[in-house]
Amino acid sequence: MNPEQWVEAVEGVMEAHRNAKNAPDIIRYFRNQFGSFGLKNGDRRKLTKQFIVATKQFSQKELVETIELLWSRSEREFQHTGMELIDHHRKKFDRSIKKVLQYMISHKSWWDTVDFIASHTVGHTFKTNQLRQEDLYEWNESDDLWLIRTSILAQLKYKSYTDWALLQELIIPHLDHKDFFIRKAIGWALREYSKTEPNLVLDFVENHTMSGLSQREALKIVNAGKMK
């Protein structure tokens, strides 16, 4: 089975399980940017799990081709399957993974794919040196808000392994950013790290000017602890 046949097979299964009742609500949820088969994520994962397993023998080139085909389709379930496909096969890539991840982040961009890619695949591949600090800096300096968001969220699940100096360097240039998704990402990243180092996060917030959204998000856990 080649990439085109694989995508056609995935499409056939999702089409067979199309939920016309759910689809309009899902499309509205994504602000009419994408189509939908009306499948909930759990149901879609069950349908596509066997297909992802079947790509075991796909080469790096075939995986990239598959991603491009999935990203060319209108229904959002295709992109959700694609992000999980690459995460499943991330060890097949070396430094070359940057190109495919950047493509996925920068095309048909919205928080649902970007946040998974950032916190899972980028997070994992940064740990293994497939992605490097220079890549996060490059994305952080981009005009693409989704690449900026990804750079900030890359260490989201690192806990005590978070490079605090790096996180600050990625956040500080965007403290006055006007976009909601960047402000939210700053607060989210700080909030997650506050579970490990609440005093560092509190000190950072007290000594930097940021949006109300970023500050509220950053201090949610810290303030909840004070109220106990």
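Definitions and cut-offs
- Residues numbered from 1 in each chain as written.
- Predicted model: local features only at pLDDT ≥ 70, side-chain atom pairs only at ≥ 80, totals over all residues.
- Heavy atoms only, no water.
- Patch = residues over 30% accessible without salt bridge, like charges linked within 9 Å, V, L, I, M, F, W, Y side chains within 5 Å.
- Areas by Shrake-Rupley, 256 points an atom, 1.4 Å probe, with all protein chains shown as cover.
- Salt bridge = Lys/Arg side-chain N within 4 Å of Asp/Glu carboxyl O.
- Lys, Arg positive; Asp, Glu negative; His and termini not counted.
- Charge placed at Lys NZ, Arg CZ, Asp CG, Glu CD.
- Helix = DSSP H or I, 4+ residues; strand = E, 2+ residues; numbered from the N terminus.
- Buried < 20%, exposed > 50% of the residue type's maximum accessible area, 1.4 Å probe, protein only.
- Contact = heavy atoms within 4.5 Å.
- Core = buried A, V, L, I, M, F, W, Y, C linked by side-chain atoms within 4.5 Å.
- Phe/Tyr/Trp six-rings, centres within 6.5 Å; stacked < 30°, edge-to-face > 60°.
- Lys NZ or Arg CZ within 6 Å of the ring centre and 35° of its normal.

(A) Structural view of a negative patch on the surface. On the surface, E4, E8, E65 and E68 cluster together into a patch of negative charge. In this structure, E65 sits in helix α4 (residues 60–72).

(B) Expanded view of the environment of F93. Within the fold, F93 resides in the loop between α5 (76–88) and α6 (97–106). What makes F93 buried here is its relative accessible area of 5%. For F93, the residues in contact, after removing those within four places along its chain, are Q60, L63, V64, I86, V100 and Q130.

(C) Focus on the pattern of salt bridges. Taken as a whole and judged by the stated rule, the model has 17 salt bridges. The salt bridge involving R95 is made with D135; its shortest N-O contact spans 2.4 Å. Note that R95 is positioned in the loop between α5 and α6 and D135 in helix α8 (residues 133–140), a separation of 40 residues in sequence. A salt bridge links E217 to K184, with the nearest nitrogen and oxygen atoms 3.0 Å apart.

(D) Region of interest: the nonpolar core. Ranked by internal contacts, the top residues of the largest apolar core, which has 43 residues, are L101, M104 and V122. Among the nonpolar cores identified, the runner-up in size contains 23 residues, and I182, Y193, A218 and L219 belong to it.

(E) Highlighting the packing of aromatic side chains. Overall, the coordinates contain eleven aromatic pairs when judged by the stated rule. For the pair Y29 and W111, a centre-to-centre distance of 6.1 Å together with 85 degrees between the ring planes defines the contact as edge-to-face. Of this pair, Y29 sits in helix α2 (residues 23–29) while W111 sits in helix α7 (residues 111–127), and the two are 82 residues apart along the sequence. Plain terms: the ring middles of W110 and F181 are 5.1 Å apart, the flat faces sit at 70 degrees to each other, and that makes the pair edge-to-face. In this pair, W110 sits in the loop between α6 and α7 while F181 sits in helix α11 (residues 180–194), placing the two residues 71 residues apart along the sequence. For F181, a relative accessible area of 13% puts it in the buried group. A connected cluster of aromatic rings, assembled from ring pairs, spans Y29, F30, F34 and W111. A cation sits over an aromatic face here: R73 above F78, 6.0 Å from the ring centre. Note that R76 overlies the ring of F34, its terminal NZ or CZ placed 3.8 Å from the centroid.

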